[in-house]
Amino acid sequence: MTTFINALLAVAVVTAALVVTSLDRRTAVLLGAAGSTTGSFLTWLVAPDAWSEIPVVPWLAAAAGTVALIALWSATRMWSGIFDPPRPVADDDTAALATVGAEQ
């Protein structure tokens, strides 16, 4: 039971650390919680003995999962705009005709 609490604490702390340092809080919560949970789960699948016997492994897994998901998120956002056509040039209607002095 203490191993599970340690893993949940690792997920919560990694997510909170990402949220505190992020400008977009909702995305940070999503990336932090999903990344740390996935990283911890995959580590538990691959090495269950290390995950349960070494207290720092869930913390490393949570941090690594979050970093991996942030990298994947950044690559996806970068790649998504590569093939978009350029934006059309908007008409510049901000110029104004100013008359100085009195009209005659």
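It should be noted that the structure appears before, not after, this text.
What counts and what doesn't
- Residues numbered from 1 in each chain as written.
- Predicted model: local features only at pLDDT ≥ 70, side-chain atom pairs only at ≥ 80, totals over all residues.
- Heavy atoms only, no water.
- Axes fitted to C-alpha atoms, helices over the stretch in contact; angles between N-to-C directions.
- Helix = DSSP H or I, 4+ residues; strand = E, 2+ residues; numbered from the N terminus.
- Parallel < 35°, antiparallel > 145°, perpendicular 65-115°, else oblique.
- Left-handed = near helix turned anticlockwise from the far one by under 90°.
- Contact = heavy atoms within 4.5 Å.
- Nonpolar A, V, L, I, M, F, W, Y, C, P; charged D, E, K, R; others polar.
- Expected span 1.5 Å × (residues − 1).
- Buried < 20%, exposed > 50% of the residue type's maximum accessible area, 1.4 Å probe, protein only.

The next thing to look at is the packing of helix 2 (residues 25-46) against helix 4 (residues 57-80). Close contact between helix 2 and helix 4 brings their axes to 6 Å; oriented N to C, the two are set at 125°. Considered as vectors, helix 2 and helix 4 are oriented oblique to each other. The chirality of how helix 2 crosses helix 4 is right-handed. Facing helix 2, whose interface residues are Thr27, Leu31, Gly32, Ala34, Gly35, Ser36, Gly39, Ser40 and Thr43, helix 4 presents Val57, Ala61, Ala62, Gly65, Thr66, Leu69, Ile70 and Trp73. A per-class count over the contact of helix 2 with helix 4 returns 8 nonpolar, 9 polar and no charged.

Attention now moves to helix 4. Over its 24 residues, helix 4 extends 34 Å from the first C-alpha to the last, a length consistent with the 34 Å expected when each residue adds 1.5 Å. Val57, Pro58, Ala61, Ala62, Gly65 and Thr66 are the residues of helix 4 that are buried. In this fold, the buried residues of helix 4 make contact with helix 1 (2-20), helix 2 and helix 3 (48-53).

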